[in-house]
Structure formats: C-alpha cells, structure tokens
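Topology and contacts: notes
Next come the chains, spelled out residue by residue.
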Amino acid sequence: MKRTLTLWVVTGILGFCIFPWYMTDSGFWSSQTLRDPLVMDSASGLVSIFYHDRWWLFLPLLSLIGVLLVQCLPLRPVLEARLIAGLAIFALSFCALQGLVISRSGPSVFPWLWGEAASSGQPGMGIGAGLFALSALFVLTSSVSQMGRGRGDAFVTGMIGLIVSLVVVFVFYPVLHILVQAFQLPGGGYAFSVFASGFFASDIWDLSCLFGGNACGVAINSIFLAVSTGLGTTVLGLAFALVFTRTAFPAKKLLRVLTVIPIITPPFVIGLALILLFGRTGTITEFAADLFGVEKSRWLYGFWGIYFAQMLSFTPIAFLVLIGVVEGVSPSMEEASQTLDANRWQTFRFVSLPLMRPGLANAFLLGFIESLADFGNPLVLGGNYDVLSTEIYYAIVGSVADPARAAILAFTLLLLTLTAFIAQRTWLGKKSYATVTGKADSGQHAALSPMVKRFCYGITLPWAALTAIVYSMIVFGSFVKLWGYNHSFTTEHYVRAFGIDFSDGIRFVGAAWDSYFTTLTISTAAAPLTALIGLATAYLLVRQKFIGKSAFEFGTMLSFAIPGTVIGVSYIMAFNFPPIELTGTSVILIVVFVFRNMPVGVRGGVAAMSQLDKSLDEASLTLGANSFTTVRRVIAPLMGPAMLAALTYSFVRAITSVSAVIFLVSAKHNMATSFIVGRVENGEFGFAIAYSAVLIVTMLAAILGLQFLIGQRRLRRTNRVEGAVAA
C-alpha cells in the first residue's frame, strides 16, 4: 500500500512540476511548456508559483508532499490513512476552489485574499492540473482502502472513486450549471423571479390552441407530441413483437431488418425521405394529384410530419424492448388460463398483457424521452410547430443569443423527462411481474386470437412496406439531380461530397471528407472509452458491495435520462469557462459521447457479467491474485462479446447523434450530422442524402465487421446438455 501511495504522490508532483498547469492556446494535450517553460500560458505549476506569483498553487503541492512525510512517521495504520485522506481531500478541494473562484477576469470571491497576480485572471486547467488531481484522487481512494473500506482493495476503491468523480464532473456539474444559469440576472447575481418569469411565460405553457387559439406553447407542443409518439411506438413495437413471437409469418428475417434499420440512420434522414415522398413536390403527392385530383398541400410540415418521422425513427427501440418481454411471459400461466375455459382473447387481455406491463412502461418512456430530445426531425419538418429541442437551438445560435432562455427551456425539458420517470414508477408500483422461476417451463405460448392477429398484421405489414419505400427513396434521391424537378441520373452529389483528385497524387477534394474523417476519428476514440467505463461500472455493480451502491447506480444511469439537447446546452455553459475549458476542442465531443452512451455499456455489462459464476473470482483470489489481476486475466477475456456489443452501439450512436453535438461542433471539429443539418438548411437535399447513405453503409460495414470478430460464443452448459442428449 505504501508503494502504491508513493507512486501516485510522485506522479502528481511530476505532473505539477513538468506539465502545463493551465490550458494552452494549442490545446489540452500540448508540449508547449517544454519549448517555453517560463511563459505564463505554458508554465507548469511550480514555475507559476515562483515566476508568476501564484502562491495559492503551493498549498495543494504542499499537501501531497505532506503525504510522503506522514508515511515516514511511526503512526498506527488507521491513523496514518486518515491523515493521508485528509491531505488528499484538501488538495482536491483547494484545486477545485481556486479553479472555480479565479476566472479569466480575476477572482470572484475575496479578491484581496489572492493578491495582485490573481487580478489578471487564469485560464482553464491543463494537463498538469488534470494529472495532479487524478493522482490526489487515487491517493485518497488508496487511503480509504487502507482504512478497511471496500474490503481493503485499492483497485475497487480506486475504480469507484474514479467513476464517481467522472460522473460528478461530466454529468452532475453541467446539469447543475444549467439550473444556476436559469436563475441568473442580466447584470449579475441570482433571483428566483428571473426563473419564474421565464419558466411560466405564455410562449412555453400557452394552452390557447386547445380552446380554438392559433398555437400552443412549446412545452405543450412537446408534451403532446411526446405522448403521441410514446403511445404510437409502443403499440407498433408490441405488434411487431407479437408477430415475431406468436405467429408463423414466413418472412420474419426480412421483417426484422426493416424493423431495426432505422437505428443506424441519422435522425433527420427519415425526415428528408418523407419530404421526397410526401412533400409538396413529392412522388406520392404528385401521384395523388395527377390520379385523384388531390390538391397539393404542406401537411407534412408540422405536427403530423414530425409524428410520422418519429414513429419511423423510434419504433425499433420499442420493438427491441418489447420482444424480450413478450418472450418472457410464462407459457404455463397462459395454459392455466385456457384450462379455466378462457378463450385466446381473454388469455391475452387478462393474463399476457398485464405481465407485459413493465415492458410497455419502458417502451413508452423511451419513446417519450426520444421524442422530447429529438432535434433533427423537428428541424426538417417542424414548420410552424415549435418544440423545446429546436427552440433551445435557436436560443443558442439565433441572431440574438439568449443563454438564459436556453437554460430555462433546457430545465423545462429535463423536468418533463424526470416527470415521465416518476409517472412510470408510480404506474408500475411495487407489484411483482416475475414469471421465470427455477422450475422448468417447456410449454407453448398461447396463440393470438384472430382479432389480435389481424390487428398486428394490419399495422405491421403496411408499416414495413412503408419503411422499405422510405429507404429506397433515400437511395434514389441521392442519384437524381434535383428531386421533384429533374430526375436525371447523376453521381454529382457523391462527387461533390466525396470527390478524390488523382491528378497530383491522392487528394480528398470532396466537401464532406473533413467532417467524415473527424466523425470516424472521434467515434473510434469514444467507443472504447464508453465500453471500458461502462463495463468497469458493471463490474462494481455486479461483483462488489459498498455503501451508496444504489445512488452510485442511479448516478451512472442519469445521463440516459437527460435528453441530448439538455446535455449539449449544459456542456456549452459549463465548459466554456474555467476551471475546465473544452469548448471548440475534440475532447468535448469525445466526452459527451462517452457519458451519453455509457449506460448502454453498463446494462450490457451487467447482463453479461451476471452469467459468470462468482466462483471464478473467488478461485482467482484464493490463488493469491488481487482484484486487478482477476479482472484482467479472468473476467475480461470472458467479457469479449459484451465489450464488442458496447463498442458497436457506442460507435453507431456517436455517428448518428445530433441533438447533443449540434451545439458543440466547431469549424475545426465538425461532425457529419451537424454538417448534414447545415446542408438541409441550405436546401441541398441531394447532397445531404448522399452523405447520409455513405454513413449508413459505413455503419453497416462496422457492425458486420464487429459481428465477425464476435462470432458465436459456445457456452459450456449448452455443450454439456447437447452431449448428454447425444449419449
């Protein structure tokens, strides 16, 4: 333990003395301090103390030096650990305090205390401060394990401390920043009246449209749309799940492809395809006008268009949630119902459907949240139907930026999401829905009644056909010159986007290459970090017991409950100023992807790790291995499929995400989705669709490649059963 503490203390001191304490002009990862070690912007912490009169940086350094001195004293282990923990807490707290108090314009609290040097202000923390804080954190967690916490395992306490710190910094801190900004007065200071006047404004909660008025407020519009989408996707997802599990439909594989493919589609692409079909000059609109004399209209631009696009986009999520729930209903209960003379409709209505209630609640909740957070479809098809996600965007990037209004709208969006979570828990209550027990259950699921079967076929098959038509239009629209006016075949859109010049070597001259390569680079960097943090969190939740475990799990899942639009706004407000300045860098894009998609890695890791017998860990520990060795050499090799599944999902979500990153991209680091949104706003639909088609092909190739690497895992239990049957 002393060797571990000494290693971290030395690492922190080296980071303090060698690397830039502040963020340099050339970025977070800079070696400028090696070239100009005495310049303020690139000086290390030690140079800043003696050459730039920043005396306050000496206090955290003194704390880590004190850790070395405490280890030399003849103290009882527990007392020594408590003293070291106190010194580490002081180092971390003072680092955070001086970073929050002293901004670029100078200290905001007790300016006389900090001295003349502080009046010039300070930039955000750099790699030196980050390395120092990380070392102090691990000194703290190591001392906690020395006190006997976490079963005295420094690896476990270190992981808990690291993940909790990351969630606090990159989830709780930005969201708290939104809440603070919503109360801020224009001239400085805070008042509840500012929040109240903005939150209860008529343009947010106006109900006049329900009584014959022209329009409702943006919150009412968002609620109505989200409830409609949640109900619609839940019903449609349940119908698809019943067709797959309770019918003998012959083309289930094709139907499944058509059901799931929208997941790998950028959100606004479906909106573009609907414009090509049902817009004023769309194919179906033209056909109906010529054949039936139906007047061309702009019905697609507004509530119905957004609802239509969201149904196409989010039904696959409901289907993936519900298919497992439908399969999990115990056949023995359905057989018992039929034994008591209940017909197939009564069995479905009073036995099967109530047992699916948790799945229905989760499917509705996901559809509700996804609808609230959806940005691409309302941007493309919104028309005069304003919703919260687009209003937040315009409050940030409009001709007159209004951060206070954006914060209030983001708070409203978060409030609606949390209300939906509470409503879901209340509806489910504390009833038990468990049907899978230790007893064997080899019965057959009850067949659907003719009425339910006709209903399922009647909505799923036309919907699948519509999905096929929509995606054929995506391909077709990328190969015509001008949709609706000139349908001549052309590859011009692909050439403009992804042209390559071979006249003087190989030069990527297409307009989309920069954003394409940036997207692939950032997605590739974010995916393994997402999987690593998610699976590490899953290991703690499944394998370890510690105080506050439930709160720890809630904190790691909170980022999923927060809509992407709110995350984007909160990151702008929190990380555009000291102590952490990340706006405009690639780091902020990687961070937002990691913590938006981390819950997926957590849930996948929990499911996979629950299948691994704890006796494997116990055998490793019995043979003298510590927890780190056990994870590295026993658990990690068995978690390959779960890790690759988390990599796949996080990679796809990083490429298709738009609501969070639309606020965070810069001219140097532009993502594919925001680049396409810009083309859509300029009316370049062919270019946007061509780019989207390339992204879809890229994601399909990545998914197939990862699936090839995953292969088929053979479980020993299955092999043993097969061998017994053969014998």
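Small disclaimer: the values here were computed from a predicted structure and weren't measured.

A few points about the overall build of the protein chain
Counting its regular elements, the protein chain contains 33 helices and six strands. Buried residues in the protein chain amount to 50% of all 727 residues. Excluding contacts between residues fewer than 6 apart, the proportion of contacts in the protein chain whose partners are at least 24 apart in sequence is 72%. Of the roughly 34300 Å² of accessible surface on the protein chain, a fraction of 66% belongs to carbon and sulfur atoms.

Regarding the packing of aromatic side chains
As enumerated under the stated definition, the model contains 51 aromatic pairs in all. Summarising the aromatic geometry, the rings of F498 and Y516 are spaced 5.6 Å apart at their centres and angled 85° between planes, so their arrangement reads as edge-to-face. One end of the pair, F498, is in helix α23 (residues 492-498); the other, Y516, is in helix α24 (residues 513-543), and 18 residues separate them in sequence. The same class applies to F498 as to Y516, namely buried. Over the aromatic face of Y301 sits the side chain of R298, whose NZ or CZ is 4.6 Å from the ring centroid.

What to know about the environment of E391
Summarising the element assignment, E391 is placed in helix α20 (residues 388-397). Placed 173 residues apart in sequence, E391 and V218 show a C-alpha to C-alpha distance of 7.8 Å. Residues in contact with E391, not counting those within four places in the same chain, are V218, D386, R405 and L409. Among the polar contacts listed, one links the side chain of E391 to the side chain of R405, at a separation of 3.5 Å.

Digging into the nonpolar core
Among the nonpolar cores identified, the biggest contains 169 residues, and L242, L274, L540, Y571 and Y691 are the most heavily contacted of them. With 14 residues, α24 is the single largest residue contributor to this core. Excluding residues that lie within four positions of it along the chain, Y571 makes contacts with F170, P174, N576, T583, I588, V591, V592, F595 and L664.

Looking at the pattern of salt bridges
Summed over the entire model, instances satisfying the criterion amount to seven salt bridges. Ionic pairing is found between E286 and K296, a salt bridge with its closest N-O pair at 3.0 Å. Of this pair, E286 sits in helix α14 (residues 283-292) while K296 sits in the loop between α14 and α15 (303-328), and the two are ten residues apart along the sequence. Where D501 meets R507, a salt bridge forms, and the shortest distance between an N and an O atom there is 2.4 Å. Shared partners join several salt bridges into a network, and the residues in it are D203, E391 and R405.

Regarding the environment of F628
Position of F628 relative to the elements: it lies in helix α29 (residues 627-638). Taking the C-alpha atoms as reference, F628 lies 9.4 Å from D153; in sequence the two are 475 residues apart.

Brief notes about the packing of helix α16 (residues 331-339) against helix α17 (residues 344-355)
The description of two packed helices rests on the angle between their axes and on the distance between the axes. Viewed as axis vectors pointing N to C, α16 and α17 meet at an angle of 145°, and their least axial separation amounts to 10 Å. The hand of the α16/α17 crossing is right-handed. Where α16 abuts α17, its residues M333, E334, S337 and Q338 lie against R344, T347, V351, S352 and L355. Taken together, the residues of the contact of α16 with α17 break down into three nonpolar, four polar and two charged.

What about helix α4 (residues 58-72)?
Its 15 residues place the ends of α4 22 Å apart at the C-alpha level, agreeing with the 21 Å of an ideal helix rising 1.5 Å per residue. Along α4, the positions that sit buried rather than exposed are P60, L61, S63, L64, G66, V67, V70 and Q71. Lining the buried residues of α4 we find α1 (2-18), α3 (45-51), α5 (77-101) and α7 (127-146).

Regarding the environment of R344
Checked against the element boundaries, R344 lands in helix α17. Linking R344 and S449, residues 105 residues apart in sequence, is a C-alpha distance of 5.1 Å. Every residue in contact with R344, bar those within four places of it in the chain, is listed here: Q338, A447, L448, S449 and P450.

Looking at the packing of helix α11 (residues 218-246) against helix α22 (residues 450-477)
Contact geometry for α11 and α22: axes closest at 9 Å, N-to-C directions at 105°. The angle between α11 and α22 places the two elements in the roughly perpendicular class. Two secondary-structure elements touch here, α11 through V235, L236, A239, F240, L242 and V243 and α22 through V452, F455, C456, Y457, I459, T460, W463 and A464. For the contact of α11 with α22, the class distribution of residues is 13 nonpolar, one polar and no charged.

So, a nonpolar patch on the surface
On the surface, W55, V109, F110, W112 and L113 cluster together to form a nonpolar patch covering roughly 560 Å² of accessible area. Within the fold, F110 resides in the loop between β2 (106-107) and α6 (111-114).

Description of unusual backbone geometry
Going from P578 to P579, the amide bond is cis rather than trans, its omega being 10°. Along the chain, the position of P579 falls in the loop between α26 (564-574) and α27 (586-609). Positive phi, normally seen in glycine, also occurs at D53, with a value near 55°. With respect to the secondary-structure elements, D53 resides in the loop between α3 and α4. At F110, a residue that is not glycine, the phi angle is positive and equals roughly 50°.

Focus: the side chain of H493
Along the chain, H493 turns up in helix α23. The exposure class of H493 is buried, given its relative accessible area of 6%. With sequence-adjacent residues up to four places away left out, H493 is seen in contact with G477, S478, V480, K481, G686, F687 and A690.

Considerations on the side chain of R543
For R543, the position within the fold is in helix α24. The exposure class of R543 is buried, given its relative accessible area of 11%. When near neighbours in sequence (up to four residues on either side) are disregarded, R543 contacts R151, M609, L612, D613, K614, D617 and I635.

A word on the confidence of the model for the protein chain
Looking at the protein chain, pLDDT values average 82 and 90% of them are 70 or higher. Segment residues 712-727 is flagged for pLDDT under 50; beyond a separation of four residues in sequence, or across chains, it makes four contacts in the model.

Calculation notes
- Residues numbered from 1 in each chain as written.
- Predicted model: local features only at pLDDT ≥ 70, side-chain atom pairs only at ≥ 80, totals over all residues.
- Heavy atoms only, no water.
- Helix = DSSP H or I, 4+ residues; strand = E, 2+ residues; numbered from the N terminus.
- Buried < 20%, exposed > 50% of the residue type's maximum accessible area, 1.4 Å probe, protein only.
- Contact = heavy atoms within 4.5 Å.
- Areas by Shrake-Rupley, 256 points an atom, 1.4 Å probe, with all protein chains shown as cover.
- Phe/Tyr/Trp six-rings, centres within 6.5 Å; stacked < 30°, edge-to-face > 60°.
- Lys NZ or Arg CZ within 6 Å of the ring centre and 35° of its normal.
- Polar contact = N/O pair within 3.5 Å; in protein donor to acceptor, adjacent residues only side chain to side chain.
- Core = buried A, V, L, I, M, F, W, Y, C linked by side-chain atoms within 4.5 Å.
- Salt bridge = Lys/Arg side-chain N within 4 Å of Asp/Glu carboxyl O.
- Axes fitted to C-alpha atoms, helices over the stretch in contact; angles between N-to-C directions.
- Left-handed = near helix turned anticlockwise from the far one by under 90°.
- Nonpolar A, V, L, I, M, F, W, Y, C, P; charged D, E, K, R; others polar.
- Expected span 1.5 Å × (residues − 1).
- Parallel < 35°, antiparallel > 145°, perpendicular 65-115°, else oblique.
- Patch = residues over 30% accessible without salt bridge, like charges linked within 9 Å, V, L, I, M, F, W, Y side chains within 5 Å.
- pLDDT = per-residue confidence, 0-100.

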